[in-house]
Amino acid sequence: MLRLISKRLVSAIPSIIGVLIVTFLLTRALPGDPAVYFAGPAASQEAIEQIRKALGLDKSLPEQFVVYVKDLVRGNLGNSIATGRPVVEEIATRLPASLELTLIGLIVSVGIAVPLGIAAATRPGSWIDHSCRIITTAGVSLPAFFSGLLLIYVLYYLLGWAPAPLGRLDIYASTPPHVTGLYLVDSLLARDGETFISALKQLALPAFTLAFFTLAPLARMTRASMLEVLSSDFIRTARASGLSKTKVIYGYAFRNAMLPVITTLGMVFSFLLGANVLVEKVFSWPGIGTFAIEALIASDYAPIQGFVLTMAMLYVALNLLIDILYIVIDPRVGFES
């Protein structure tokens, strides 16, 4: 296991280096000048040149890249022009909000898609199977931001069931003591039920928006994988041996169908991190997606580079976790590696 983890981490190094180079070049290709944005519309050309020199933008691209790599080795991702704070602090402050939203959305998606896919596979051609196809088609067809706006219009504006989509907590709720940065966890640790309920209500709409966006691939893969396994010889043998339907479906069929579902789950998590950017903007969620969009508008290089690097590290950690889950579910994968 340790050898497999080491190999995966070593193989991820070229990918991280490629991400650094491509992100650095693409940020410099963005339209706009950070020095002009920071100086303001009334600034003179001399003031703009002084700011450009202070930001290090007067140097050539190779020199800027060398400085960026040196700072990165020291753990310095630079400072945000818009906020004036170090990018590391901004990401550390905002990342828990994005992770909480993404994880809750993933849990909701798995909780709906996997049982729906199993039910559709065990009853092919039934109304459950047709409902699964309709739901997955709608999930693929509707963009995440449109689903979010639709939910806000119906559940908040028309019916008044949902709270205002303005951040992580209601305006009357107090922020829980910081432990993990995840409001649900921190409020439980502080035994603050009121804050927990408020945070859960604020999470409901954006989390369901993300879940609806990722329902389709999970439900389809679960259905297809279960159909393939249910037609296998060992399932027919298990049924002929008199085992219960629950034991056959969940004890044998679903366990053997889990590997493709786990692979799709990793892809879905990647989709969620990408869709998170738009959903955070729609629901005024103070995560790193909102931070990245604001930095992109201002041509603020350091936050964009920090955001992309953080996403790349999350992808590496996620792929490593999937590899470990493969071995836990099916030890033969470890022997083959």
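This report concerns the structure included in the present document. Starting from 1, residues in each chain are numbered consecutively following that chain's sequence as written. With pLDDT at 70 or above as the cut-off, local features in this predicted model cover only qualifying residues; side-chain atom pairs require 80 or more to be listed or tallied, and sums for whole chains, interfaces and linings still use all residues. Derived side-chain values reflect all non-hydrogen atoms in the structure, with water molecules and hydrogen atoms excluded from consideration.

### Details of the packing of helix α6 (residues 127–141) against helix α9 (residues 193–230)
What counts, and what does not: An axis is simply a line fitted to the C-alpha atoms; with a helix, the fit covers only the stretch in contact. Between two such axes, the angle follows the N-to-C directions and lies from 0 to 180 degrees. Strands are runs of DSSP state E lasting at least two residues, helices are runs of H or I lasting at least four, and both sets are numbered from the N terminus onward. We call two directions roughly parallel when the angle between them is under 35 degrees, roughly antiparallel when it is over 145, roughly perpendicular when it lies between 65 and 115, and oblique otherwise. Two helices cross in a left-handed way if the nearer one is turned anticlockwise from the farther one by less than a right angle. They cross in a right-handed way if the turn is clockwise. Every residue pair with non-hydrogen atoms within 4.5 Å of one another is taken to be in contact. Throughout this entry, Asp, Glu, Lys and Arg are counted as charged residues, while Ala, Val, Leu, Ile, Met, Phe, Trp, Tyr, Cys and Pro are counted as nonpolar. The remaining residues, Gly among them, count as polar.
Closest axis-to-axis distance for the α6/α9 pair is 7 Å, and the angle between their directions is 140°. Overall, the two elements α6 and α9 adopt an arrangement that is oblique. Relative to α9, the crossing made by α6 is left-handed. Where α6 abuts α9, its residues Asp-129, Cys-132, Arg-133, Ile-135, Thr-136, Thr-137, Ala-138, Gly-139 and Val-140 lie against Phe-212, Phe-213, Leu-215, Ala-216, Ala-219, Arg-220 and Arg-223. Residue composition of the contact of α6 with α9, grouped by class: 9 nonpolar, 3 polar and 4 charged.

### Focus on the packing of aromatic side chains
What counts is decided by this rule: In this scheme Phe, Tyr and Trp rings, the latter by its six-membered ring, pair at centre separations within 6.5 Å, and the angle between planes marks the pair as stacked below 30 degrees, edge-to-face above 60, and tilted otherwise. Burial status follows relative accessibility: with a 1.4 Å probe on protein chains alone, a residue under 20% of its type maximum counts as buried, one over 50% as exposed, and anything between as partly exposed.
Per the stated rule, a full pass over the model turns up 3 aromatic pairs. For the pair Phe-24 and Phe-65, a centre-to-centre distance of 5.2 Å together with 70° between the ring planes defines the contact as edge-to-face. With a gap of 41 residues between them, Phe-24 in helix α1 (residues 2–28) and Phe-65 in helix α4 (residues 61–73) connect regions that are remote in the sequence. With relative accessibility at 2%, the residue Phe-24 sits in the buried group. For Phe-65, a relative accessible area of 25% gives the class partly exposed. On the basis of an interplanar angle of 25° and a centroid distance of 6.2 Å, the ring pair of Phe-24 and Tyr-68 is categorised as stacked. With Phe-24 in helix α1 and Tyr-68 in helix α4, this pair connects stretches of sequence that are 44 residues apart. Just as Phe-24 is buried, Tyr-68 falls in that class too. Three or more aromatic residues joined by ring pairs make a cluster, and in this case those are Phe-24, Phe-65 and Tyr-68.

### Topic: a nonpolar patch on the surface
Put simply, the rule reads: Each patch is built from residues that are more than 30% exposed by relative accessible area and take part in no salt bridge. Like charges join if they lie within 9 Å; nonpolar side chains (Val, Leu, Ile, Met, Phe, Trp, Tyr) join within 5 Å. Accessible surface area values rest on a Shrake-Rupley calculation with a 1.4 Å probe, where residue burial reflects the displayed protein chains alone. By definition, a salt bridge exists where a carboxyl oxygen of Asp or Glu is found within 4 Å of a side-chain nitrogen of Lys or Arg.
Together, Phe-145, Phe-146, Leu-149, Leu-150, Tyr-153, Val-154, Tyr-156, Tyr-157, Leu-158, Leu-159, Trp-161 and Leu-278 give the surface a local cluster of nonpolar side chains, amounting to about 1,200 Å² of exposed area. When residues in the nonpolar patch are grouped by element, the largest group, 9 residues, is from helix α7 (residues 144–158). Looking at where Tyr-153 falls in the secondary structure, it is placed in helix α7.

### Let's talk about helix α3 (residues 45–54)
Inclusion rule: By arc we mean the arc of the directions from the helix axis to the C-beta atoms, nothing more.
Buried residues of α3: Ile-48, Ile-51 and Arg-52, and no others. For α3, the buried positions fall inside an angular range of 100° around the axis, keeping them on one side. Pointing more than 90 degrees away from the buried face of α3 are the exposed residues Glu-46, Gln-50, Lys-53 and Ala-54. Residues of α3 that are buried sit in contact with α2 (34–39). Directly beyond the C-terminal end of α3, a positive phi value near 80° is found at Gly-56.

### Considerations on the pattern of salt bridges
Pairing between side chains of opposite charge can happen when their charged atoms approach one another. Tallied over the entire structure, the rule returns 8 salt bridges. In this structure, Arg-74 engages Asp-71 in a salt bridge whose closest nitrogen and oxygen atoms are separated by 2.5 Å. Exposure remark for Arg-74: the relative accessible area of 62% places this residue in the exposed category. With a closest N to O distance of 3.5 Å, Arg-133 and Asp-129 form a salt bridge. Taken together, the residues span about one helical turn, with Arg-133 and Asp-129 both in helix α6 at a distance of 4 residues. The partly exposed category is assigned to Arg-133, whose relative accessible area is 42%. Overall, Asp-129 belongs to the buried group, its relative accessible area being 0%. Put simply, Arg-85, Glu-89, Glu-90 and Arg-94 are held in one network by salt bridges that share partners.

### Concerning unusual backbone geometry
The phi dihedral of Arg-191 falls on the positive side, at around 55°, and the residue is not glycine. Among the secondary structure elements, Arg-191 is positioned in the loop between α8 (183–189) and α9. Here Ser-284, not a glycine, exhibits a phi torsion of approximately 55°, which is positive. Relative to the helices and strands, Ser-284 resides in the loop between α12 (258–282) and α13 (288–297).

### Focus on the environment of Gly-287
Note on placement: Gly-287 falls in the loop between α12 and α13. With 187 residues separating them along the chain, Gly-287 and Glu-100 place their C-alpha atoms 9.6 Å apart. When sequence neighbours within four positions are dropped, the list of residues in contact with Gly-287 reads Arg-94, Ala-97, Ser-98 and Glu-280.

### Some remarks on the side chain of Ser-198
Just so we agree on the cut-off: Here a polar contact is taken to be a pair of N or O atoms separated by no more than 3.5 Å, where protein atoms must pair a possible hydrogen donor with a possible acceptor and residues adjacent in sequence count only if both atoms sit in side chains.
Residue placement: Ser-198 occurs in helix α9. At 3.1 Å, the side chain of Ser-198 and the backbone nitrogen of Asp-170 are in polar contact. Excluding its chain neighbours within four sequence positions, the residues that come into contact with Ser-198 are Arg-168, Leu-169, Asp-170 and Ala-173.

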